[in-house]
Amino acid sequence: MRADVEASVEVLGQLDDGLNDARRCLLIVGTAHASTEITQDITTNTTWTAANGPYIVSKLVVVEQGVTVTLEPGTVVKFNAFSGFTVNGTVIAHGTPANKIYFTSGNDDSVAGDTNGTDAATVPKARDWMALFVPTSGTLDIDNTVVMYGGGGLCDRCRTAGIFGQGRIKVHNSIISH
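Read on for a plain summary of the structure. A quick note: this is a predicted structure, and the numbers were derived from the prediction, not measured. (Residues numbered from 1 in each chain as written. Predicted model: local features only at pLDDT ≥ 70, side-chain atom pairs only at ≥ 80, totals over all residues. Heavy atoms only, no water.)

### Focus on the sheet that holds strand S5 (residues 60-63)
In step 1: Spatial strand order, S5-S8-S11-S14: four strands in an open sheet with parallel pairing. For this open sheet the edge positions go to S5 and strand S14 (163-165), each flanked by a neighbour on one side alone. If you compare each strand with its neighbour and ignore which way they point, the axes differ by 20 degrees on average.
In step 2: Judged from the two bridges that link them, strand S8 (residues 84-87) and strand S11 (residues 132-134) form a sheet pairing that is parallel. Within the sheet, the bridge partner assigned to Phe-85 lies in S11 and is Leu-132. (Pairing = 2+ DSSP bridges. Helix = DSSP H or I, 4+ residues; strand = E, 2+ residues; numbered from the N terminus. Axes fitted to C-alpha atoms, helices over the stretch in contact; angles between N-to-C directions.)

Written out as structure tokens, the structure reads:
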């Protein structure tokens, strides 16, 4: 888990306390943005929560057959280049109208902030990450979920926006874009 802290400091005047600079310290209070990095295939049933997110995926992660990953409302999953999910098991992402689940690009600062640390130097675009690939053995069940900027690293004729495959794919009340 990584925690990023953002804060601003304003110096209001000189401090004349007789201490040299090495003995002074400054306490900065800011807002911590924790994230969970996903670098391994998923081999056991697991639940991802908004509190432990955003989840940063940096490889093509396999959800093994017989394994279920459940995403709670408000969970954000960000994919770096050449990353995505191969869903041989089951992924269930049921958000709510007020608390959607997001699968988006690691370059997307509009959801869960600047998690790639570029201070908006990157802009998300179509095909930033691969896809949620669902082979015949897999199930993807999404509701009140937003999937953005996927489809990269796939064959040019696929033209997918982030979800494809021959498995069981259920999409309700969701947005798939870019």
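### Here we look at the sheet that holds strand S6 (residues 68-71)
In step 1: An order of S3-S6-S9-S12-S15 is seen for the five strands of this open sheet, with the pairing classed as parallel. Edge positions in the open sheet fall to strand S3 (46-48) and strand S15 (168-172), since each of these has one partner strand only. Pairs of neighbouring strands in the sheet enclose a mean axial angle of 10 degrees, with direction left out of account.
In step 2: With four bridges joining them, S6 and strand S9 (residues 90-94) adopt parallel strand pairing. Note that in S9 the partner of Thr-68 across the bridge is Thr-90.

### Regarding the packing of aromatic side chains
In step 1: In the structure shown here, the tally under the stated rule is six aromatic pairs.
In step 2: Here Trp-48 and Tyr-55 contribute two aromatic rings whose centre-to-centre distance is 4.4 Å and whose plane-to-plane angle is 10 degrees, an arrangement assigned as stacked. Exposure class is identical for Trp-48 and Tyr-55. Each is buried.
In step 3: Taken together, a centroid distance of 6.3 Å and an interplanar angle of 20 degrees make the contact between Phe-79 and Phe-103 stacked. In this pair, Phe-79 sits in strand S7 (residues 76-79) while Phe-103 sits in strand S10 (residues 101-105), placing the two residues 24 residues apart along the sequence.
In step 4: Assessed through its relative accessible area of 1%, Phe-79 is described here as buried.
In step 5: Judged by relative accessible area, which is 0%, Phe-103 ranks as buried. (Phe/Tyr/Trp six-rings, centres within 6.5 Å; stacked < 30°, edge-to-face > 60°. Buried < 20%, exposed > 50% of the residue type's maximum accessible area, 1.4 Å probe, protein only.)

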